[in-house]
Amino acid sequence: EFVSDIGNESDRLTRMTQKLLTLSKADAQTTCEHEVVDLGETVRRVFRMLVPLADRTQIQLTASLDRGCYVLSMEDDAYQIIFNLVENGIKYNHAGGSVHVTVRHTQDEAELLVEDTGMGIPQDAIEHIFERFYKGKDSDGKSFGIGLALSRMIIAGQKGTVKAENRKNAGAMFTIRFYKGTV
């Protein structure tokens, strides 16, 4: 059990280090590179990676994906944004809960919604969760950190917007709008 705890902590520190490196890279980047990214396919890739975590915590992952919802981004950036939001939806949820991702598009924008049935965002933290190095805690004492700041930085660099809010019944909802020709 102790060896397993050490391995889990090592994995957590590795993830944190990778996020810090990505944040530093985003700070230093002066030009934006783009490729055509299929948001639906990116959601599928994220789900494949996070199904083991969702299964361990008995969280159901579901999606509603418009076909042909393409944006200009870097695949790694789009993946990072979706991964952060879905992983948080799993981590800050309860056994038997769910995370639902919606990808849809209009003529002017692509929209990504990530909704969960977890405990939601503490009211005093909702204005700060996108701040770099803000270290808040949820109602269960779990801390949260730089993943959302990194996501917002990537989205802002692509001229998109992100909004967080608590759902009426339970959980949180993140809405990201990628404008035509941007992420």
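We now turn to the structure provided with this report.

The rules behind each value
Residues numbered from 1 in each chain as written. Predicted model: local features only at pLDDT ≥ 70, side-chain atom pairs only at ≥ 80, totals over all residues. Heavy atoms only, no water. Helix = DSSP H or I, 4+ residues; strand = E, 2+ residues; numbered from the N terminus. Buried < 20%, exposed > 50% of the residue type's maximum accessible area, 1.4 Å probe, protein only. Pairing = 2+ DSSP bridges. Axes fitted to C-alpha atoms, helices over the stretch in contact; angles between N-to-C directions. Parallel < 35°, antiparallel > 145°, perpendicular 65-115°, else oblique. Left-handed = near helix turned anticlockwise from the far one by under 90°. Contact = heavy atoms within 4.5 Å. Nonpolar A, V, L, I, M, F, W, Y, C, P; charged D, E, K, R; others polar.

Next up on the list: unusual backbone geometry. Although it is not a glycine, Gln58 sits at a positive phi angle of roughly 60 degrees. Among the structural elements, Gln58 can be located in the loop between helix H2 (39-56) and strand S2 (60-65). Residue Gln58 is classed as exposed on the basis of its relative accessible area, which comes to 54%.

Let us look at the sheet that holds strand S8 (residues 161-166). The strand order across the open sheet formed by 5 strands is S2-S4-S5-S9-S8, and the pairing between neighbours is mixed. Either end of the sheet is taken by a strand with one partner, and the two such strands are S2 and S8. Averaged over all pairs of adjacent strands, the angle between their axes in this sheet comes to 10 degrees, without regard to strand direction.

Let us now look at the pairing of strand S9 (residues 172-179). Counting buried residues in S9 gives 6 out of 8 residues, a clear majority hidden from the surface. Summarising the sheet, strand S5 (residues 109-116) and S9 pair through 7 bridges and their orientation is antiparallel. From the neighbouring strand, Glu111 faces S9, where its bridge partner is Arg177. As paired strands, S8 and S9 are joined by 6 bridges and run antiparallel to one another. Residue Asn166 lies in a different strand from S9, and its bridge partner there is Ala172. Hairpin connection of S8 to S9: 5 residues between the antiparallel strands, including Gly171 at a positive phi of 95 degrees.

The geometry of H2 relative to helix H3 (residues 75-91) is characterised by a closest axis approach of 9 Å and an angle of 40 degrees between their N-to-C directions. What the angle tells us is that H2 and H3 run oblique. Considering only the axes of H2 and H3, their crossing is right-handed. In contact with Leu39, Thr42, Val43, Arg45, Val46, Phe47, Met49, Leu50, Leu53 and Ala54 of H2, H3 contributes Glu75, Ala78, Tyr79, Ile82, Phe83, Val86, Glu87 and Ile90. Tallied by class, residues from the contact of H2 with H3 come to 14 nonpolar, 1 polar and 3 charged.

All right, on to the packing of H3 against helix H4 (residues 147-157) then. The contact between H3 and H4 brings their axes to 9 Å, and the two run at 145 degrees. In this structure, H3 crosses over H4, and the sense of that crossing is left-handed. Counting all contacts with H3, which are made through Asp77, Gln80, Ile81, Asn84, Leu85 and Asn88, the residues of H4 involved are Gly147, Leu148, Leu150, Ser151, Ile154 and Ile155. Here the contact of H3 with H4 is composed, by residue class, of 6 nonpolar, 5 polar and 1 charged.

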